[in-house]
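# Architecture and fold: a report
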Amino acid sequence: SWIADSENTESLAMLPELRTDICIPSDGKLLIIDTKYTSSTRSYRESEKLKEAHLYQLFAYLMNFSRDARFEDLKIAGMLLYPVTDEASEVFMTLHSFPVSIRHVNLAQPWEEIARRLMSIHADALEAMAA
């Protein structure tokens, strides 16, 4: 749920549902993953930039989950997961104390390799959350 207040309940009813693609709880941690089937960047003034709408969406999840009493004792991290495209660079950062990563998986390979990659990405995320 959104962490929101209003004297007008109709206003609150207009908020969209916060529905993540994937939430993985593990040993006091919660990894929130939002998947996209598009490029992770866009051109802006002759350089590549992450897509702000995707970051805003992930950030809304992180902020609202972190203030929800059900998750207050968990260390929360976020990830945007994209298919491999030409610019498939991996990005790691901390946004407002949340570990955030931008990761890619090649969907044009055998499913066993996709599964191996996803397990590796998950292990990396857990390691980053432990730091």
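To keep things clear, this report deals only with the structure shown in the data block. Just so we're clear, the structure is a prediction, and the values are computed from it rather than from any experiment.

### Quick look at the overall build of the protein chain
- On a plain count of helices and strands, the protein chain comes out with 3 helices and 7 strands.
- Along the chain direction, N to C, the helices and strands of the protein chain fall in the order α-β-β-β-β-α-β-β-β-α.
- Each principal axis of the C-alpha atoms in the protein chain carries an extent, and together these give about 50 × 40 × 25 Å.
- By the burial criterion, 35% of the 131 residues in the protein chain qualify as buried.

### Section: the sheet that holds strand β1 (residues 22-26)
- The mixed open sheet is built from 5 strands, whose spatial order is β1-β2-β5-β7-β6. Only two strands of the sheet have a single partner each, and these edge strands are β1 and β6 (91-95). Strand after strand, the sheet turns through a mean of 20° between neighbouring axes, direction not considered.
- As defined by bridge partners, strand β5 (residues 75-83) adjoins strand β7 (residues 98-105) across 6 bridges and the pair is classed as parallel. Within β7, the residue paired with Tyr 82 across the bridge is His 104.
- Docked against the sheet, helix α2 (residues 52-66) engages β1, β2 (29-35), β5 and β7, running at close to 155° with respect to β5.
- Lying on the sheet, helix α3 (residues 111-130) is in contact with β1, β2, β5 and β7; it crosses β7 at an angle near 165°.

### Quick word on the nonpolar core
- If you look at the biggest cluster of nonpolar residues, it comprises 16 residues, and the most contacted ones within it are Ile 32, Leu 58, Leu 62, Phe 65 and Ile 76.
- A total of 5 residues in this core trace back to one element, the largest contributor, which is α2.

### What about the pattern of salt bridges?
- Evaluation of the coordinates by the stated rule reveals 7 salt bridges.
- For Arg 116, the salt bridge goes to Glu 113, with nearest N and O atoms at 2.7 Å. Here Glu 113 and Arg 116 lie together in helix α3, a separation of 3 residues that amounts to about one turn.
- The class for Glu 113 is partly exposed, based on a relative accessible area of 34%.
- A single salt-bridge network, built from bridges that share partners, covers Glu 90, Arg 103, Arg 117 and Asp 124.

### Here we look at a nonpolar patch on the surface
- Nonpolar side chains collect at one region of the surface, where Trp 2, Leu 12 and Leu 15 lie side by side and expose about 220 Å² of accessible area between them.
- By secondary structure assignment, the location of Leu 15 is in the loop between α1 (9-13) and β1.
- In this structure Leu 15 comes out as partly exposed when scored by relative accessible area, which is 34%.

What counts as what
- Along each chain, residues carry numbers from 1 onward, in the same order as the chain's sequence is written.
- Reporting of local features is limited, given that this is a predicted model, to residues whose pLDDT is at least 70; pairs of side-chain atoms are given and counted only at 80 or more, and all residues count toward the totals for whole chains, interfaces and linings.
- As a rule here, side-chain values cover all heavy atoms of the structure and leave hydrogens and water aside.
- Helix numbers and strand numbers start at the N terminus; a helix is a DSSP run of H or I with at least 4 residues, a strand a run of E with at least 2.
- Per-residue accessibility, obtained with a 1.4 Å probe over protein chains only, is compared with the maximum for each type, and a residue is labelled buried under 20%, exposed over 50%, and partly exposed between these values.
- A strand pair is defined by DSSP finding two or more bridges across the two strands.
- Here an angle of 0 to 180 degrees is reported between the N-to-C directions of two axes, which are lines fitted to C-alpha atoms, with helices fitted over the stretch in contact.
- Contacts: residue pairs with any heavy atoms within 4.5 Å of one another.
- We call a set of buried residues a nonpolar core when its members are Ala, Val, Leu, Ile, Met, Phe, Trp, Tyr or Cys and they connect through side-chain atoms within 4.5 Å of each other.
- One side-chain nitrogen of Lys or Arg within 4 Å of one carboxyl oxygen of Asp or Glu is enough to make a salt bridge.
- Patches here: salt-bridge-free residues with over 30% relative accessible area, like charges joined within 9 Å, nonpolar side chains (Val, Leu, Ile, Met, Phe, Trp, Tyr) joined within 5 Å.
- Shrake-Rupley sampling with a 1.4 Å probe provides the accessible areas, and residues are treated as covered by the protein chains on show and by no other component.

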